[in-house]
Amino acid sequence: MGSVVALVVVVVVVIVLAKLIRIVPQGYEWTVELFGKYTGTLSPGLHFLIPFVYAIGRKMNMMEQVLEVPSQDVITKDNAVVRVDGVVFYQILDAAKAAYEVANLEGAALALIMTNIRTVLGSMDLDESLSQRDAINAKLLGVIDEATHPWGVKVTRIEIKDISPPRDLVDAMARQMKAEREKRANILDAEGYRQAAILKAEGEKQSAILSAEGKKEAAFREAEARERLAEAEAKATTMVSNAIAGGSVNALNYFVANNYVEALKEMAKSPNQKMLLLPMESAGILGSLAGIAELAKDSLAAQRVPAEPVAGGPRAPLPPR
């Protein structure tokens, strides 16, 4: 009998010590209740409680947690049905509010998140919901964080993992995208042809301008050359006339022979002439050439006279030949 009592006493002591000494692990906070009423919160570490008077209420995880949002069908603004799922990151900041302000924290947060996903995506077109995922995440984060604040919870991030349209809608979008790409390709081709035509026209314009300027310059230079040739011929004619007036017949012979040779050269250049039969006297041509030679001798003699030194007064001019 005594051993049984001793055993009971040992068991009671162990139970009392277990209820007296409490060790809270890191990353958790425990709520303390006095006869079922919340009185305080135990932080990580060693604590002592009066057994059977104070008791542990809820053991709350204070670390950041991940909540998977199951996939659901959502109807967009343009009546397209898409399947959406996501993930939520949250952290409990107030253990007492998270324990006593809401009965099922994860269930309530999950229902709130799924409802707001339908609300946000229902206000957007399909194209917007597929292309503006960051805007969707920002809207959901603002709404959910504000709604869970009274529960002592901080929602740090909400991410939409997948937005899946139906298969027939995906095929229609692929055809639309292909048509848009072909349209852009045709527009780019047309722009390229247009630009090429413009550049070609600009090049032809510049070529015509440069050609006209070249012809203008060539005509100007040709006119200038003809003018100089006419001046030279007029000067030569004047000199020959002066020579004839001074009694020199050789100048006349030179003038006639020169024109005679030029006429023969032009006749030889004519493309219609294949053969020339010219009856001419060799003595007349030789006489003209002799006149040219005499004219050249007279010119050289006239050039030497001023260069010779004068002895005993000026020398008499050479008699005409």
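## Regarding a nonpolar patch on the surface
- On the surface, Val5, Val9, Val13, Leu17, Ile21, Ile23, Leu46 and Phe48 cluster together into a nonpolar patch covering about 740 Å² of accessible area.
- When contributions to the nonpolar patch are tallied by element, the ones reaching two or more residues are α1 (2-20), β1 (21-24) and β4 (45-48).
- Tracing the chain through its elements places Leu17 in helix α1.

## Quick notes on empty space enclosed by the protein
- Applying the stated criterion to the full structure yields 1 cavity of 30 Å³ or more.
- Each pocket or cavity is described by its volume, and for the largest cavity that value is around 50 Å³.
- Going through the elements one at a time, β7 (81-92), α3 (105-122), α5 (133-148) and β8 (153-164) are the ones with two or more residues in the lining of the largest cavity.
- Looking at side-chain class alone, the lining of the largest cavity contains 8 nonpolar, 1 polar and no charged residues.

## A few points about the packing of aromatic side chains
- The final tally for this structure, using the stated rule, is 1 aromatic pair.
- Relative to Tyr100, the ring of Tyr38 lies with its centre 5.5 Å away and its plane at 50°, an arrangement referred to as tilted. Of this pair, Tyr38 sits in strand β3 (residues 37-42) while Tyr100 is found in helix α2 (residues 95-100), placing the two residues 62 residues apart along the sequence.
- Relative accessible area serves as the criterion here: at 34%, Tyr100 is assigned to the partly exposed category.
- Directly above the ring of Trp30 sits Lys59, whose terminal nitrogen or CZ lies 4.4 Å from the centroid.

## Observations regarding the pairing of strand β6 (residues 65-75)
- Both β6 and β7 contribute to a ladder of 9 bridges, which runs antiparallel. Note that in β7 the partner of Ile75 across the bridge is Val81.

## Some points on α5
- Its 16 residues give α5 an end-to-end C-alpha distance of 22 Å, which sits within 8% of 22 Å, the value for a rise of 1.5 Å per residue.
- For α5, every residue scored as buried is listed here: Ile136, Asn137, Leu140, Ile144, Asp145 and Thr148. End-on view of α5: buried residues confined to an arc of 145°, all on one side of the axis. Turned more than 90 degrees from where α5 packs its buried face, Ala138 and Glu146 sit exposed.
- Along its buried surface, α5 packs onto α3, α4 (126-131) and β8.

## Here we look at the packing of α3 against α5
- Taken N-terminus to C-terminus, the directions of α3 and α5 make an angle of 140°; their axes are 10 Å apart at the nearest point. By the angle class used here, α3 and α5 are oblique. Crossing handedness for the pair α3 and α5: right-handed. Contact with α3, carried on its side by Leu112, Ile113, Asn116, Ile117, Val120 and Leu121, involves Ile136, Lys139, Leu140, Val143, Ile144, Ala147 and Thr148 of α5 and no other residues of that element.
- For the contact of α3 with α5, the per-class residue count stands at 10 nonpolar, 2 polar and 1 charged.

Basis of the calculations
- Within each chain, residues carry numbers counting from 1 in the order of the written sequence.
- Confidence filtering applies because this is a predicted model: local features only for residues at pLDDT of at least 70, side-chain atom pairs given and counted only at 80 or more, and all residues used for totals across whole chains, interfaces and linings.
- Hydrogens and waters are ignored; side-chain quantities use all the structure's heavy atoms.
- Any residue with relative accessible area above 30% and no salt bridge may belong to a patch, with like charges joined within 9 Å and the nonpolar Val, Leu, Ile, Met, Phe, Trp and Tyr side chains within 5 Å.
- The method behind every accessible area is Shrake-Rupley, applied with a 1.4 Å probe, and residues are considered shielded solely by the protein chains displayed.
- Throughout this description, the term salt bridge denotes a Lys or Arg side-chain nitrogen within 4 Å of a carboxyl oxygen of Asp or Glu.
- In this description a helix means any DSSP run of H or I spanning at least four residues, a strand means any run of E spanning at least two, and both kinds are numbered starting from the N terminus.
- Using only the protein atoms, space was sampled on a 1 Å grid; points where a 1.4 Å probe fits but cannot get out form cavities, open sets with protein on both sides within 12 Å along at least five of seven lines form pockets, and lining residues are those with an atom within 4 Å of a point.
- Grid points are joined across faces, edges and corners, and a volume is the space filled by probe spheres set on the points.
- Amino acids are sorted into nonpolar (Ala, Val, Leu, Ile, Met, Phe, Trp, Tyr, Cys and Pro), charged (Asp, Glu, Lys and Arg) and polar (every other residue, Gly among them).
- Two aromatic rings from Phe, Tyr or Trp, using only the six-membered ring of Trp, form a pair when their centres are within 6.5 Å; if the ring planes differ by under 30 degrees the pair is stacked, by over 60 it is edge-to-face, and anything between is tilted.
- Exposure classes here rest on a 1.4 Å probe applied to the protein chains alone. A residue is buried below 20% of its type maximum, exposed above 50%, and partly exposed in between.
- Lysine and arginine charges are scored as sitting over a ring when NZ or CZ, respectively, is within 6 Å of the ring centre and within 35 degrees of the ring normal.
- Two strands pair under a simple rule: DSSP has to find at least two bridges between them.
- Helix span is expected to be 1.5 Å times the residue number reduced by one.
- To be clear, the arc concerns the directions from the helix axis to the C-beta atoms.
- Contacts: residue pairs with any heavy atoms within 4.5 Å of one another.
- In this analysis an axis means a line fitted to C-alpha atoms, helices contributing only their contacting stretch, and an angle means the value between N-to-C directions, from 0 to 180 degrees.
- Should an angle lie under 35 degrees it is considered roughly parallel, over 145 roughly antiparallel, and from 65 to 115 roughly perpendicular; all remaining angles are considered oblique.
- Crossings are classed by handedness, with left-handed meaning an anticlockwise turn of the near helix from the far one by less than a right angle and right-handed meaning a clockwise turn.

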